[in-house]
Amino acid sequence: MIREEIKDEELLKHLQSIHKDEMTIFVMADGRVRGAFLNGTRLVNQMRANQHLGILETLVLGQAELCAALMIPTMKGRERVSLHYESNGPAVGFGVEADSSGYVRGHLLQNPIPVEKPLENWDLAPFFGEGTLTVRRMGEGMKAPQVGMTEILYKNIAKDLTHYFAQSEQIHTAFNTSIQFDRQGRVIGAGGMFLQALPKAGGKSSVKTEQVENDIDSKDDEDEELLMRVENAFSAMPSIGKWFSDGGDMEDVIYGLFREFKPTAVLNREIIFDCPCSAEYYARQIKALPKKELADILANDPDPLEIVCHNCGSAYKIPKSMLV
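On a predicted model such as this, the values are computed, not experimentally measured, just so you know.

Visitor: How should the overall build of the protein be read in this particular structure?
Guide: Regarding its fold elements, the protein presents nine helices and 13 strands. In the protein, which comprises 324 residues, the proportion classed as buried is 48%. Of the contacts formed within the protein by residues at least 6 apart in sequence, a portion of 66% connects residues at least 24 apart. If you sum the accessible surface of the protein, you get close to 17200 Å²; carbon and sulfur atoms cover 49% of it. The distance from the centre of the 35 positive side-chain charges to the centre of the 47 negative ones in the protein is 5 Å.

Quick look at the structure:
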């Protein structure tokens, strides 16, 4: 990927003053709930610079990429996950991808997004319509991805992804993302949080009695009550984007918001806007075209060819000498 330089000196100074971009993965409630808290302020700024986005476009694609990043803790081994949001609204949708190695990339299906009047708030619902959210998981060694799909119900990326997990994977999950702009439209804070109830340990009892059944029912009630308390704490979270823009710390939220559940941070990892594309990659793709099509390109197209990666906005100039 070609990283576009961020030249806004005031923005750069601000980015140097706040918490670094990273994801903290944690567990709590005796291992019954896992979570991830992400500062993605630089990620969103790099995405915006590379894709040359306006404020509304940054808000849509930024929230989408934060959600994709928050799915990294659900990955097993070498895996990548893509989210495709397609609707009949003015924003149309997006395609974003996260990889277990820690990179996130993506693109809008409509850029710029048509706007009929000035924005009154940051609610994206008016820009989305009816449609579908599709999640594809591609693990190492898989010949085809695992695909799940749900309807767009909320016209809110985080809520629709939460609905997807409830319907397609039947797991209690919650997402929250936020992007904070200053008066000049700079992204000065961005981040998100993910929570998920972990499945119960398996096992079979050799004796099944009325007492055992009553114990199971009691345990289920306890689990429901726990999840309700966790959800209440989750809903009390301050604006994540503003928290990071004000210099807020990662651990203050995790250990403060969820203190009654005794959280433990287990891993910190870097999450960045990045793409594995390169001029060599695109040259190989062009050389693999049918001979007649390749010959037509060599004879009639300008030299060098310009190829733009839609996932990261990188523009490559590929001389024809690389194609012979």
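There's more to say after this.
Visitor: Explain the sheet that holds strand β1 (residues 22-28) to me, please; I cannot follow it from the model alone.
Guide: Pairing between the strands of a sheet comes from backbone hydrogen bonds, and it takes one of two forms, parallel or antiparallel. Pairing within the open sheet is antiparallel, and its five strands lie in the order β8-β9-β2-β1-β10. Strand pairing shows two members of the sheet lacking a second neighbour, β8 (173-181) and β10 (264-269), which therefore form its edges. With direction set aside, neighbouring strand axes in the sheet form an average angle of 15°. Judged from the seven bridges that link them, strand β2 (residues 33-39) and strand β9 (residues 187-197) form a sheet pairing that is antiparallel. Residue pairing in the sheet places A36 in a bridge with F194 of β9.

Visitor: I'm lost on the packing of helix α2 (residues 41-51) against helix α3 (residues 55-70) in this one. Help?
Guide: When two helices pack together, you describe them by how their axes are tilted relative to each other and by the distance separating the axes. One way to put it is that α2 packs onto α3 with a least axis distance of 10 Å and a crossing angle of 130°. It follows that α2 is oblique to α3 by the angle criterion. Between α2 and α3 lies a crossing whose hand is right-handed. Here L43, V44, M47, R48 and Q51 of α2 come into contact with α3, specifically with I55, T58, L61, G62, E65 and L66. Here the residues of the contact of α2 with α3 sort into six nonpolar, three polar and two charged.

Visitor: Can you help me understand a nonpolar patch on the surface in this one?
Guide: Among the surface-exposed residues, I55, V115, L119 and W122 lie close enough to one another that they form a single nonpolar patch of about 350 Å² accessible area. Classification of I55 by relative accessible area gives partly exposed; the value is 32%.

Visitor: Help me understand helix α1 (residues 9-17) in this model?
Guide: Buried residues of α1: L11, H14 and L15, and no others. Angularly, the buried residues of α1 cover 100° about the axis, an arc narrow enough to put them on a single face. Opposite the buried face of α1, at more than 90 degrees from it, the exposed residues are E9, E10, K13, Q16 and S17. Buried-residue contacts for α1 involve α2, β9 and α6 (240-245). Measuring from the backbone nitrogen of E10 back to the side-chain oxygen at the start of α1 gives 3.1 Å, which picks out D8 as the cap.

Visitor: Can you help me understand the side chain of R48 in this one?
Guide: Considering the arrangement of structural elements, one finds R48 in helix α2. Buried R48, no salt bridge; nearest opposite-charge side chain is D182, N-O distance 7.2 Å. Excluding residues within four positions of it along the chain, R48 makes contact with L53, G54, I55, T58, F181, G185, R186 and V187.

Visitor: Is there a simple way to explain a negative patch on the surface in this structure?
Guide: A surface patch of like charges, here negative, comprises D221, E222, E224 and E231. Inspection of the secondary structure puts D221 in helix α5 (residues 210-235). You can call D221 exposed: its relative accessible area is 54%.

Visitor: What am I meant to see in the pattern of salt bridges here?
Guide: Following the criterion strictly, the structure yields 14 salt bridges and no others. Put simply, R78 and D99 hold a salt bridge, and the shortest N to O gap is 3.2 Å. In this pair, R78 is assigned in the loop between α3 and β3 (79-87) and D99 in strand β4 (residues 93-99), connecting sequence segments 21 residues apart. On the accessibility criterion, R78 (45% relative accessible area) is partly exposed. Where R80 meets E97, a salt bridge forms, and the shortest distance between an N and an O atom there is 3.7 Å. With a gap of 17 residues between them, R80 in strand β3 and E97 in strand β4 connect regions that are remote in the sequence. Ionic contacts of the salt-bridge type, sharing partners, join the residues D8, E10, D182 and R186 into one network.

Visitor: Looking at this structure, I do not really get the packing of aromatic side chains. What am I missing?
Guide: Pairs of aromatic rings are described using the distance from one ring centre to the other and the angle between the two planes. One pass over the structure, following the stated rule, counts ten aromatic pairs. Aromatic pair F175 and F194: ring centres 5.4 Å apart, planes at 50°, arrangement tilted. Here F194 lies in strand β9 and F175 lies in strand β8, a separation of 19 residues in the sequence. Residues F175 and F194 agree in their burial class; the two are buried. Members of the aromatic cluster, each reached through a chain of ring pairs, are Y164, F165, F175 and F194.

Thresholds, definitions, all that
In this convention, every chain numbers its residues from 1, walking through the sequence in written order. Only residues with pLDDT of at least 70 get local features here, since the model is predicted, and only at 80 or more are side-chain atom pairs given and counted; chain-wide, interface and lining totals rely on the full set of residues. The basis for every side-chain value is the complete set of non-hydrogen atoms in the structure, without hydrogens or water. Numbering of helices and strands starts at the N terminus; helices are DSSP runs of H or I of at least 4 residues and strands are runs of E of at least 2. For every residue, the accessible area (1.4 Å probe, protein chains only) is compared with the maximum for its type, and the residue is labelled buried under 20%, exposed over 50%, or partly exposed between those bounds. By definition, residues are in contact when any of their heavy atoms lie within 4.5 Å. Surface accessibility follows the Shrake-Rupley procedure with a 1.4 Å probe radius. Residue values consider only the protein chains on display as shielding. His is not counted, nor are the chain ends, whereas Lys and Arg count as positive and Asp and Glu as negative. Charge placement uses NZ in Lys and CZ in Arg. For Asp and Glu, CG and CD serve respectively. In this analysis, strands are considered paired if DSSP registers two or more bridges between them. Here an axis means a line fitted to C-alpha atoms, over the contact stretch when the element is a helix, while the angle between two N-to-C directions is reported on a 0 to 180 degree scale. For classification, angles of less than 35 degrees are called roughly parallel, those exceeding 145 degrees roughly antiparallel, those between 65 and 115 degrees roughly perpendicular, and all remaining angles oblique. Note on convention: the crossing is left-handed when the near helix lies turned anticlockwise from the far helix by less than a right angle, right-handed when the turn is clockwise. Each residue gets one label: Ala, Val, Leu, Ile, Met, Phe, Trp, Tyr, Cys and Pro are nonpolar, Asp, Glu, Lys and Arg are charged, and the others, such as Gly, are polar. Put simply, a patch holds well-exposed residues, over 30% relative accessible area, that have no salt bridge, with like charges counted together within 9 Å and Val, Leu, Ile, Met, Phe, Trp or Tyr side chains within 5 Å. Whenever a carboxyl oxygen of Asp or Glu lies within 4 Å of a side-chain nitrogen of Lys or Arg, that contact is scored as a salt bridge. Note: the arc covers the axis-to-C-beta directions of the helix. Pairs of N or O atoms are called polar contacts if they sit within 3.5 Å, as long as, within protein, a hydrogen donor faces a hydrogen acceptor (for residues adjacent in sequence, only side-chain-to-side-chain pairs). Aromatic rings from Phe, Tyr and Trp, with only the six-membered ring used for Trp, were paired whenever their centres fell within 6.5 Å, and each pair was classed as stacked if the ring planes differed by under 30 degrees, edge-to-face if by over 60, and tilted otherwise.

What is shown is where atoms sit, not what they do.
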